[in-house]
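Residue-level structural notes
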Amino acid sequence: MPMCSSSRASKLILREKSIKFETINEPIWKRRVDFLKINPEGDLPVIIDENNVKIIGYMSLAYYLDDNTIGENLIGTNSLQRLEVRRVCKWINNKFYKEVTENIVEERVFKSLRGLGQPSTEFLKAGRINLKNHENYFEWLLKNKSFLAGENYTIADISYASFLSCLDYLGEIQWERIPVTKKWYAKIKSRPTFRDILQEKIYTIPPSKNYKNLDF
């Protein structure tokens, strides 16, 4: 689904693993019975492979593929790095999503789609304050490392880049205040696997001015 950060992460994982796939847009707020039979939790992403194995969530996808030694490693090369990868992804999936994504992306994009009216200025204000706090934390994390969990690219980077990309599409990121993160994101954004993400269109909402630009 467009603007679903976790779905974007799943797409990036599959592309990094050179796995071909097709996407289906699932409006989860409609709670379709057929979809709930696949995932009773009613959430995205859901990946179904050629053997009809149902994989719920991008982290489960990455671990499943790495457990089966498919493509390049994305979960960390040793136990300590894998621990850090899980910690960062948990932060993004839980804390960042609740404090930022729900207050900005949900309000600006999905609220009207669900017929719930206009975005709440109170929620948007809270989300933007929270966003700066999270940006500061990740800026600090990246200061002495090439990637979020160490010196190699992992699903921690895929996760944060996916969540930031949705906010960047909406013009919510002030890149000049987080130069280390900007340099890191430019590196992620330049990967061939990210190209399709930059071409996505979010319903009737146009992307921000520099969303597609690699030199931003």
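Fair warning: this is a prediction, and the values are worked out from it, not measured in the lab.

Per the secondary structure count, the protein chain includes 8 helices and 2 strands. Reading the protein chain from its N terminus to its C terminus gives the helix and strand order α-α-β-β-α-α-α-α-α-α. Since a compact globule built from 216 residues should have a radius of gyration of about 17 Å, the 17 Å found for the protein chain is in line with a globular shape. Each principal axis of the C-alpha distribution contributes one length, and for the protein chain these read about 45 × 45 × 30 Å. Every one of the 216 residues in the protein chain was classed for burial, and the buried ones make up 49%.

So, on to the side chain of S162. Inspection of the secondary structure assignment puts S162 in helix α6 (residues 155–169). Of the residues examined, S162 reaches a relative accessible area of 1% and is grouped as buried.

Attention now goes to the pattern of salt bridges. Tallied over the full model, the rule gives 12 salt bridges. With a closest N to O distance of 2.9 Å, E16 and R191 form a salt bridge. Here E16 is found in helix α1 (residues 5–16), whereas its partner R191 is found in the loop between α7 (179–189) and α8 (195–199), with 175 residues between them in sequence. In this structure, the salt-bridge partner of D66 is K17, at a minimum N-O distance of 2.2 Å. With D66 in helix α3 (residues 58–67) and K17 in the loop between α1 and α2 (33–38), the pair connects residues that are 49 residues apart, well separated along the chain. The burial state of D66 is the same as that of K17; both residues are buried. One network of salt bridges, with partners in common, ties together R8, K11 and E200.

Okay, α7 next. Among all positions in α7, only T181, W184, Y185, I188 and K189 are buried. An end-on view of α7 places all buried positions within 135° of arc, on one side of the element. The elements touched by buried residues of α7 are α5 (121–142), α6 and α8.

With an omega of 0°, the peptide bond running from L44 to P45 counts as cis. Take P45: it is sitting in the loop between α2 and β1 (46–48). The phi angle at S18 is positive, at roughly 60°, despite the residue not being glycine. Its location among the elements puts S18 in the loop between α1 and α2. Taking the relative accessible area as the measure of exposure, S18 reaches 66% and is therefore exposed.

Soluble, globular proteins show a tendency: their nonpolar side chains are buried together. The biggest cluster of nonpolar side chains holds 55 residues, and the ones touching the most others in it are I13, F96, L148, I155 and W184. Where this core is concerned, the elements lending two or more residues are α1, α3, α4 (79–113), α5, α6, α7 and α8. Excluding residues that lie within four positions of it along the chain, I155 makes contacts with I13, Y58, M59, A62, Y63, L74, I75, V85 and C89.

Moving on to the environment of E172. Residue placement: E172 occurs in the loop between α6 and α7. Given a relative accessible area of 12%, E172 falls into the buried group. Along the sequence, E172 and I104 sit 68 residues apart, while their C-alpha atoms lie 8.6 Å from each other. Setting aside its immediate chain neighbours within four residues, E172 contacts I104, R108, R128, L131 and L167. At 2.7 Å, the side chain of E172 and the side chain of R108 are in polar contact. Side-chain polar atoms of E172 contact the side chain of R128, separated by 2.8 Å.

Now for the layout of surface pockets. The volume enclosed by the largest pocket comes to roughly 760 Å³. What lines the largest pocket is a set of 28 residues, among which L14, E22, V46, I47 and I48 lie closest to the centre. Elements represented by at least two residues in the lining of the largest pocket include exactly α1, α2, β1 and α3. Among the elements that line the lining of the largest pocket, the one with the most residues is α1, at 4 residues. By residue class, the composition of the lining of the largest pocket is 17 nonpolar, 4 polar and 7 charged. Volume-wise, the second largest pocket comes out at about 390 Å³. Every residue lining the second largest pocket is counted, 20 residues in all, and those nearest its centre are C4, S6, D43, L44 and Y97.

What counts, and where the lines are drawn
- Residues numbered from 1 in each chain as written.
- Predicted model: local features only at pLDDT ≥ 70, side-chain atom pairs only at ≥ 80, totals over all residues.
- Heavy atoms only, no water.
- Helix = DSSP H or I, 4+ residues; strand = E, 2+ residues; numbered from the N terminus.
- Rg over C-alpha atoms; globule rule 2.2 N^0.38 Å.
- Buried < 20%, exposed > 50% of the residue type's maximum accessible area, 1.4 Å probe, protein only.
- Salt bridge = Lys/Arg side-chain N within 4 Å of Asp/Glu carboxyl O.
- Arc of directions from axis to C-beta.
- Contact = heavy atoms within 4.5 Å.
- Core = buried A, V, L, I, M, F, W, Y, C linked by side-chain atoms within 4.5 Å.
- Polar contact = N/O pair within 3.5 Å; in protein donor to acceptor, adjacent residues only side chain to side chain.
- 1 Å grid on protein atoms, 1.4 Å probe; cavity = no way out; pocket = protein on both sides within 12 Å on 5 of 7 lines; lining within 4 Å.
- Points joined across faces, edges and corners; volume = space filled by probe spheres on them.
- Nonpolar A, V, L, I, M, F, W, Y, C, P; charged D, E, K, R; others polar.

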